[in-house]
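Observations on the model geometry
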Amino acid sequence: MDTNPVIQTEGLTKRYGKILAVDGLSLTVPRGHVFGLLGPNGSGKTTTMGMLLGLVRPTSGSFSLFGSRSDRQASLRRVGAIVETPTFYPYLTGRQNLAYFQGILGRGTARELDDLLEQVGLADRGNDGFHTYSLGMKQRLGLAYALLGDPELLFLDEPTNGMDPAGMAEMRELIRSLGTEDRTVFLSSHLLNEVEQVCDSVVILSKGKLIAQGSVAELLKGRGRIRLRTTDNAQAATVLAALDWVEDAKIDNGTVFVTAPPERAAEVSAALSRAEIYLTEMTSGQDSLENYFLEITSEEGAAQ
Ligand code: ATP
């Protein structure tokens with residue numbers, strides 16, 4: 001089995017005139033499971049995918065797919081992608097559209113189409129005209145298109161864009177099921193909860209730069225969020241912010257939010273009672289990727 005990382009980039013950079021869309025990106029995507037490229041609009045996700053797919057020429061830096069820097073054509077045969085939604089023919093059925101692209105791309109066999117339609121939940125509608133499909137069904141057909149020939153690496157750019165909440169939930173479940181030991185899904189998203197739900201590992205981009213990388217669990221390890229209400233919130237925030245194991249304590253809407261390991265909640269209460277401040281309410285739990293993201297992107301902004 002191939003043990004090379006499926007994607008490796010070194011100092012990958014794309015400049016459009018004055019705009020530095022991707023700035024010296026070095027990342028490694030191991031084989032298998034679902035890998036997320038997370039960042040706000042304009043942070044360089046689409047440009048990064050475009051470079052990896054040979055659609056955008058890098059300004060500098062390099063990358064390899066499946067350990068190979070040189071044989072791009074051979075590497076791309078092992079890749080499926082939806083970066084721009086393929087243009088399907090409205091009056092052909094879903095199945096006919098897939099068969100058409102199968103012929104053009106020379107990928108897979110006609111027998112594979114039944115399995116593919118089944119896999120994306122279109123088994124019942126495969127013989128209906130594409131123009132009768134809902135947006136969610138169109139996007140699922142797009143996924144079937146990307147899966148033609150059973151690629152080892154699948155690029156999905158903002159796969160739930162424009163979908164309603166039910167469609168998004170179905171699509172996420174489908175994407176999770178596609179990331180297996182042997183198949184890597186590399187998806188971009190600006191939706192933190194999506195990445196948290198779907199991805200095993202993540203790279204966070206801000207203004208074209210990598211600002212964090214790791215598994216979602218690793219990134220959030222030791223980061224708890226303790227919420228409390230007290231007899232004197234302002235004083236409580238000051239007392240807690242001074243503790244060296246408290247990363248941050250701030251007041252919002254009558255509640256003190258403390259970023260600290262959740263297992264230290266009892267010490268929070270002890271520190272407050274020493275200062276003669278008493279708790280009226282306290283809950284603690286794991287921080288969300290959202291808080292983490294907001295914090296690191298604002299640090300990044302402040303550092304510039
Ligand atoms: P979104 O989620 O909005 O698509 P993104 O993270 O995918 O954002 P990119 O589309 O890669 O970001 O864009 C990164 C930056 O590069 C943006 O400032 C964008 O305006 C710029 N950019 C992208 N493509 C081009 C282009 N062809 N010509 C000029 N500037 C471009």
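Residues numbered from 1 in each chain as written. Predicted model: local features only at pLDDT ≥ 70, side-chain atom pairs only at ≥ 80, totals over all residues. Heavy atoms only, no water.

Some details on the pairing of strand β11 (residues 248–252)
Looking along a regular strand, one sees side chains alternate from face to face of the sheet. With five bridges connecting them, β11 and strand β12 (residues 255–259) associate as antiparallel partners. The partner of Asp252 across the bridge, within β12, is Thr255. Hairpin connection of β11 to β12: two residues between the antiparallel strands, including Asn253 at a positive phi of 55°. (Pairing = 2+ DSSP bridges. Helix = DSSP H or I, 4+ residues; strand = E, 2+ residues; numbered from the N terminus.)

Description of the confidence of the model for the protein chain
Summarising the model, the protein chain shows a mean pLDDT of 87, and 94% of its residues fall at 70 or more. The secondary-structure element of the protein chain with the lowest mean pLDDT is helix α11 (residues 289–303), recorded at 66, while strand β1 (residues 7–16) shows the highest, at 96. (pLDDT = per-residue confidence, 0-100.)

What to know about the pattern of salt bridges
Side-chain pairs of opposite charge can arise where the charged atoms are in close proximity. Overall, the coordinates contain 13 salt bridges when judged by the stated rule. The shortest N-O distance in the salt bridge between Asp23 and Lys209 comes to 3.8 Å. On the criterion of sequence distance, the pair formed by Asp23 in strand β2 (residues 19–29) and Lys209 in strand β9 (residues 209–215) is long-range, its members being 186 residues apart. Under the relative-accessibility criterion, Lys209 is labelled partly exposed at 33%. As a salt-bridge pair, Glu152 and Arg31 come within 3.2 Å of each other at their nearest N and O atoms. Residue Glu152 is located in the loop between α5 (135–146) and β6 (153–157), and its partner Arg31 is located in the loop between β2 and β3 (33–38); the two are separated by 121 residues in the primary sequence. A single network of salt bridges, built from pairs that share partners, joins Arg31, Arg78 and Glu152. (Salt bridge = Lys/Arg side-chain N within 4 Å of Asp/Glu carboxyl O. Buried < 20%, exposed > 50% of the residue type's maximum accessible area, 1.4 Å probe, protein only.)

Focus on the nonpolar core
In this structure, Leu143 and Ile204 are the most contacted members of the largest nonpolar core, which totals 45 residues. When residues in this core are grouped by element, the largest group, six residues, is from α5. Apart from residues no more than four positions distant in its own chain, Ile204 is found in contact with Leu38, Lys209, Leu210, Ile211, Ala212, Leu219, Tyr292, Phe293 and Ile296. Val6, Ile7, Leu65 and Val79 belong to the second-largest nonpolar core, a separate cluster that totals 23 residues. (Core = buried A, V, L, I, M, F, W, Y, C linked by side-chain atoms within 4.5 Å. Contact = heavy atoms within 4.5 Å.)

What about the environment of Thr259?
Residue position: Thr259 is located in strand β12. Between the C-alpha atom of Thr259 and that of Lys45, which follows or precedes it by 214 residues, the distance is 29 Å.

Quick look at the side chain of Asp157
For Asp157, the location among the structural elements is in strand β6. Buried and unpaired, Asp157 has no salt bridge, with Lys45 as the nearest side chain of opposite charge at 6.4 Å. Reaching out from Asp157, the side chain makes a polar contact with the side chain of Thr46 at a distance of 2.9 Å. If we skip the residues at most four places from it in the chain, Asp157 touches Thr46, Met49, Ile82, Val83 and Ser188. (Lys, Arg positive; Asp, Glu negative; His and termini not counted. Polar contact = N/O pair within 3.5 Å; in protein donor to acceptor, adjacent residues only side chain to side chain.)

A short note on helix α3 (residues 94–105)
The end-to-end C-alpha separation of α3 is 16 Å, in line with the 16 Å expected for 12 residues at 1.5 Å each. Residues of α3 that are buried include every one of Gly94, Asn97, Leu98, Phe101 and Gln102, and no others. Buried residues of α3, viewed axially, fall in a sector of 140°; they line one side. Projecting away from the buried face of α3 at angles above 90 degrees are the exposed residues Gly103 and Ile104. On the buried face of α3, the contacting elements are α4 (112–119) and α5. At the C-terminal side of α3, Gly106 shows a positive phi close to 65°. (Expected span 1.5 Å × (residues − 1). Arc of directions from axis to C-beta.)

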